[in-house]
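# Structural features, examined
Below are the chains, spelled out letter by letter.
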Amino acid sequence: MNDLLEELSSSQKLEQQLLKELYELKKKNLWRSPPLIEKVSGVHLLIDGSNYCHFASNDYLGLSNHAALGEAAQKVAPYFGYGATASRLLLGNTKEHQLLEEELAESKQCEAALLFPSGFAAATGTITTLMKRESVIILDKLAHASLIDGARASKAIIRVFRHNDINHLEEHLRWARALSPKRDILVVTESVFSMDGDIAPLHEIVDLKDRYGALLFVDEAHALGVRGKPYHRLGGLVGELGLSDRVDLQMGTLSKAVGAAGGYLCASRIIVDYLLHHARNFIYTTAAPPPLIAAARAGVRIINSEEGEFLALKLWKNIHQLTTALLKKKASSAILPLIFGEEEKALLAASLLRQAGYWVPAIRYPTVARKKARLRITMTAAHTEEEIKCFTQYCQLHFLGNVNSQ
Ligand SMILES: Cc1ncc(COP(=O)(O)O)c(C=O)c1O
């Protein structure tokens, strides 16, 4: 056997190892295969010739199919083409990019904003650039992978506090401040958590970080367009709580409620200028395509308009309908997890739903912790009352007894 292994080429050896790991994934019910989507129209999908109603996207306001986004994209394509063809610092910087940054900064009540090609790039780019080896980053235990990867890549000292546990956060802050009075400390959290849908206690976190002279980074990926003051839903939870001037770094994505793609970071002018000169995720990558940015601007305009407010209210009506029927508790966002625990149970529930024409994927490790497998139900403004009623009835009938916790 050893002789046989010796004879394998390097690539064969690697493949043997990978195959072993892939086989392990299959054995543990952790194998993934992305569905091939043939058509999407609002919450309706065509996959493999079958129609489904999905409760699975982050298109919270239903804007990704909105005609205004397509029209905006088409309008700018003749001027700039479909691809930006260069980084922002070379030839990729158009008026669309600049205007969107100004509009985001205004909505977030910040001095400036910087666009990145994705939310993931905005998170990793910002954290790695601003934090140094001697800095301390304190992350919520359930922080998104992009925040964890940014912290790791920065080489700063990392501490993790129990999810939404203010006392544990304070322990870490006390420890970090005791290391040195001057050290940069960055607290990192999401405002709406992507897999649990609960919200961070931002008032308490802001008070604490001020008390210990730390900085705060808030990822608003799932809050933007959903939370926020009426007619100011772009403000997210930070804006809703009136904390815009106390959160140092507001990050988010244009790929969810806005219905387009791209990430942003809103902060002071100095921080944004520094990122523009140093963030490798910004400098060494092609700018987001201008038509996409124009579509994002259209999404932003809608969110700020009468129509956007109507959609946000419709979304919340839908959330209440679903939570009252299924979870029997108040929701904080459009993300409503049904936690099964065992991977197998969550897969079975997803498969039962598929048979009935509903698409809700099972979320498993490593996206969530082991034995925390779940259906991550997401609500949008595009669902009808009847669709929600039939879906909840089906869930109640078939597997609600299997749910461990919510
Ligand atoms: C909490 C959170 N942060 C960041 C991201 C990354 O955003 P994007 O999809 O634009 O890269 C996501 C989306 O997957 C997310 O859920």
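Please read these numbers as outputs of a predicted model, since none were measured by experiment.

### Some thoughts on the domain arrangement of the protein chain
Here the domain parsing of the protein chain yields domain 1 (33-60 + 334-402) and domain 2 (65-303). Domain 1 and domain 2 are separated by 28 Å when their C-alpha centres are compared. Each side of the interface is counted separately: domain 1 has 13 residues, and domain 2 has 12 residues. Take the side of domain 1 that touches domain 2: its biggest share by element is three residues, from strand β11 (residues 335-341).

### Examining the site of the ligand
If you check the shell around the ligand, you find 14 residues, and the closest are Ser 118, Gly 119, Phe 120, Ala 221 and Thr 253. Tallying contributions element by element places helix α5 (residues 119-130) first for the shell around the ligand, with three residues. Among the residues forming the shell around the ligand, the class breakdown is three nonpolar, nine polar and two charged.

### Let's talk about the nonpolar core
In this structure, Ala 113, Ile 137, Ile 138, Val 188, Tyr 264, Leu 265 and Leu 315 are the most contacted members of the largest nonpolar core, which totals 123 residues. Per-element tally for this core: the top contributor is helix α12 (residues 290-303), with nine residues. Here this core gathers at least three residues from each of two domains, domain 1 (33-60 + 334-402) and domain 2 (65-303).

### Observations regarding unusual backbone geometry
A cis amide bond links Tyr 365 with the next residue in sequence, Pro 366, at an omega value of 5°. Within the secondary structure, Pro 366 sits in the loop between β13 (362-363) and β14 (373-378).

### Quick notes on the pairing of strand β2 (residues 44-47)
Bridging between strand β1 (residues 37-41) and β2 involves four bridges; their strand directions are antiparallel. Across the sheet, residue Lys 39 finds its bridge partner in β2, namely Leu 46. Counted along the chain from β1 to the antiparallel partner β2, the turn is two residues long, and its residue Gly 42 has a positive phi close to 60°. Across four bridges, the pairing between β2 and strand β3 (residues 50-54) is antiparallel. Across the sheet, the residue bridging to His 44 is Cys 53, located in β3. Taking the residues between adjacent antiparallel strands as the criterion, β2 and β3 are bridged by two residues, where Asp 48 takes a positive phi near 50°.

### Digging into the packing of helix α7 (residues 166-179) against helix α8 (residues 202-211)
As a packed pair, α7 and α8 sit with axes 11 Å apart at the nearest point and diverge in direction by 15°. Here α7 lies roughly parallel to α8, going by the angle between them. With respect to the hand of their crossing, α7 and α8 are arranged in right-handed fashion. Every residue of α8 that contacts α7 at Ile 166, Leu 169, Glu 170 and Leu 173 is listed here: Glu 204, Ile 205 and Leu 208.

### Side note on helix α15 (residues 385-398)
Note: α-helices contain 3.6 residues per turn, so residues at a spacing of three or four share the same orientation. Between its terminal C-alpha atoms α15 stretches 20 Å, which fits the 20 Å expected from 14 residues at 1.5 Å a residue. Listing the buried residues of α15 in full gives Ile 388, Phe 391 and Cys 395. Seen along its axis, α15 keeps its buried residues to an arc of 70°; they face one direction. Looking at α15, the residues exposed on the side facing more than 90 degrees away from the buried face are Glu 385, Glu 386, Gln 393, Gln 396 and Leu 397. Looking at the buried residues of α15, the elements they touch are α13 (306-326) and β12 (358-359).

### Section: the sheet that holds β14
Strands belonging to one sheet form pairs held by backbone hydrogen bonds; the direction of such a pair is parallel or antiparallel. Taken in spatial order, the three strands make up an open sheet running β11-β14-β13, and their pairing is antiparallel. Two strands lie at the open edges of the sheet, namely β11 and β13, each paired on one side alone. Pairing analysis gives six bridges linking β11 to β14, with the strands arranged antiparallel. Within β14, the position partnered with Leu 336 by the bridge is Ile 377. Against the sheet, helix α14 (residues 343-355) contacts β11, β13 and β14, and its axis sits at roughly 35° relative to β14.

### Notes on the pairing of β14
Along β14, six of the six residues are buried, which leaves the element largely enclosed by surrounding structure. Of the two faces of β14, the one lined by Ala 373, Leu 375 and Ile 377 and the one lined by Arg 374, Arg 376 and Thr 378 are each fully buried.

### Quick notes on the sheet that holds β1
Spatially, the four strands line up as an open sheet ordered β1-β2-β3-β12, and their pairing is mixed. The open sheet terminates on both sides in strands that have one partner only, identified here as β1 and β12. Sheet analysis places β3 next to β12, joined by two bridges and oriented parallel. What sits directly across from Cys 53, in β12, is Tyr 358.

### Here's the deal with α8
Every buried residue belonging to α8 is among Leu 202, Ile 205 and Lys 209, and all of these are buried. End-on, the buried residues of α8 take up no more than an arc of 60°, which puts them together on one face. For α8, the exposed residues lying more than 90 degrees away from the buried face are Asp 210 and Arg 211. Buried positions along α8 lie against α7, β7 (185-190), β8 (215-219) and α9 (236-240). A positive phi of about 60° marks Gly 213, the residue just after α8.

### Regarding the packing of α13 against α15
Packed helices, taken two at a time, are described by their axes: the angle between them and the distance between them. Two elements in contact, α13 and α15, have axes separated by 10 Å at closest approach and are oriented at 20°. Regarding the angle of α13 to α15, the classification is roughly parallel. The handedness of the crossing between α13 and α15 comes out as right-handed. Here Asn 318, Gln 321, Leu 322, Ala 325 and Leu 326 of α13 lie close against α15, whose contacting residues are Glu 385, Ile 388, Thr 392 and Cys 395. Here the contact of α13 with α15 is built from residues that sort into five nonpolar, three polar and one charged.

Each value, and the rule that gives it
- Residues numbered from 1 in each chain as written.
- Predicted model: local features only at pLDDT ≥ 70, side-chain atom pairs only at ≥ 80, totals over all residues.
- Domains from an automatic or database assignment.
- Contact = placed C-beta atoms within 7 Å.
- Helix = DSSP H or I, 4+ residues; strand = E, 2+ residues; numbered from the N terminus.
- Near = placed C-beta within 6 Å.
- Nonpolar A, V, L, I, M, F, W, Y, C, P; charged D, E, K, R; others polar.
- Core = buried A, V, L, I, M, F, W, Y, C linked by C-beta atoms within 7 Å.
- Buried ≥ 20, exposed ≤ 12 C-beta atoms within 10 Å, placed from the backbone.
- Pairing = 2+ DSSP bridges.
- Axes fitted to C-alpha atoms, helices over the stretch in contact; angles between N-to-C directions.
- Parallel < 35°, antiparallel > 145°, perpendicular 65-115°, else oblique.
- Left-handed = near helix turned anticlockwise from the far one by under 90°.
- Expected span 1.5 Å × (residues − 1).
- Arc of directions from axis to C-beta.

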